[in-house]
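Inside the fold
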Amino acid sequence: MQFHLIGPFRITTDEGETFAPKAPKVCQMLAVLALQPREPVAAETLVRELWGENPPSGAPRTLQTHVYHARRMLHDAQVTNDKRKLLLTQAPGYFLDLARDEVDACVFEELVRLAQQELLQEAPERAAAHLDRALGLWRGPMLSNVPVAGVLSGRMAHMEELRIRALELRVETQFRLGRYREILPELRILVNDHPLHEWFHGRLISALHRAGRRAEALQAYQNLYSVLRRELGLGPSEELQRLQADILNASTDGPLLHRCRPKSLSAPAEFTQLWDSAVAS
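Within the secondary structure, Val 107 sits in helix α4 (residues 104-120). Along the primary structure Val 107 and Ala 134 are separated by 27 residues, whereas in three dimensions their C-alpha atoms are 7.6 Å apart. Setting aside chain neighbours within four positions, we find Val 107 in contact with Gln 2, Arg 100, Asp 101, Arg 133 and Leu 137.

Okay, the nonpolar core next. Ranked by size, the top nonpolar core spans 80 residues in total, and within it Phe 3, Leu 5 and Phe 108 carry the most contacts. Ranked by residue count, the leading element in this core is helix α6 (residues 150-176), at 10 residues. Other than its neighbours up to four places away in sequence, Phe 108 contacts Ile 6, Ala 134, Leu 135, Leu 137, Trp 138, Met 159, Leu 162, Arg 163 and Ala 166.

Next up on the list: α4. A rise of 1.5 Å per residue sets the reference length of α4, with its 17 residues, at 24 Å; its end C-alpha atoms lie 24 Å apart and thus fit the reference within 8%. Burial analysis of α4 places 12 of its 17 residues in the buried class, the great majority of the element. Of all the positions in α4, only Asp 104, Ala 105, Cys 106, Val 107, Phe 108, Glu 109, Leu 111, Val 112, Ala 115, Gln 116, Glu 118 and Leu 119 are classed as buried. In this fold, the buried residues of α4 make contact with β1 (2-4), α1 (24-34), α5 (124-136) and α6. Phi turns positive one or two residues past the end of α4, at Glu 122, with a value near 60°.

So, about the environment of Leu 33. Mapped onto the elements, Leu 33 comes out in helix α1. Sequence-distant contacts of Leu 33, that is, excluding residues within four places in its chain, are made with Val 41, Leu 46, Leu 87, Tyr 94, Phe 95 and Leu 96.

Turning next to the sheet that holds strand β6 (residues 93-96). Here three strands make up an open sheet; going across it, the order is β4-β6-β5 and the pairing antiparallel. Edge strands, defined here as strands with exactly one partner in the open sheet, are β4 (41-42) and β5 (87-90). As paired elements, β4 and β6 share two bridges and run antiparallel to each other. What sits directly across from Val 41, in β6, is Tyr 94. Lying on the sheet, α1 is in contact with β4, β5 and β6; it crosses β6 at an angle near 75°.

Looking along a regular strand, one sees the side chains alternate between the two faces of the sheet. Here β5 pairs with β6 via four bridges, running antiparallel. Residue Gln 90 lies in a different strand from β6, and its bridge partner there is Gly 93.

About the criteria used
Residues numbered from 1 in each chain as written. Predicted model: local features only at pLDDT ≥ 70, side-chain atom pairs only at ≥ 80, totals over all residues. Heavy atoms only, no water. Helix = DSSP H or I, 4+ residues; strand = E, 2+ residues; numbered from the N terminus. Contact = heavy atoms within 4.5 Å. Core = buried A, V, L, I, M, F, W, Y, C linked by side-chain atoms within 4.5 Å. Buried < 20%, exposed > 50% of the residue type's maximum accessible area, 1.4 Å probe, protein only. Expected span 1.5 Å × (residues − 1). Pairing = 2+ DSSP bridges. Axes fitted to C-alpha atoms, helices over the stretch in contact; angles between N-to-C directions.

Structural data, given as structure tokens:
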């Protein structure tokens, strides 16, 4: 079984059949529960997601009705059967009897964490394999076919930040493997999609220089300068200014490889479980 939360919300059964639930509030509820597999979610948290900070007086009873309809829907779609009851009641609320590897968002988070560990252990090829698999799960914005409120919107923001981090790590692995030319097309897309992300620009500039395309590297710096001036009224950071100076004054053997490296996530705690910040949101 697989719960797909990245991209459109859908569920794949053990038999490989895929379906997308239609009821919006049922989808919201199941998505919140799937982000905390095999851990109970308080009924109050589900009410807050479905009706906001000022729910109607009958919200708890209506939530029970949604749970009933969800169980029936899961049974009719053959997601559950007599041997496996998926949506269970446990104080202070409800939980889904899912393993973390049955939820794509949890798998994504774990793969990014593993990639970070491999980089810390100087194993960029293994890190790259984890990142390729993680980014292959990204089928579009999280829960793109489901209305979201406070709890889920916090999770979506978290996942988007984690996706950016995965992209940074992927670029870093390619640099450590010396694949400057190979990463250029991806860097072009990244600076176009994230025009104010200076680290991506810095890596594009550095990769172009390392690939022997000095003039293009300097043009890429000028493009960043223009974007920052136009959008923010600022210039590039001192680090990127030093990078430009290195290109102007140094050969391709200059100290560009280690410029603009993303900050290392040395503590596994930075990849906490998906639910931690959702409860606080």
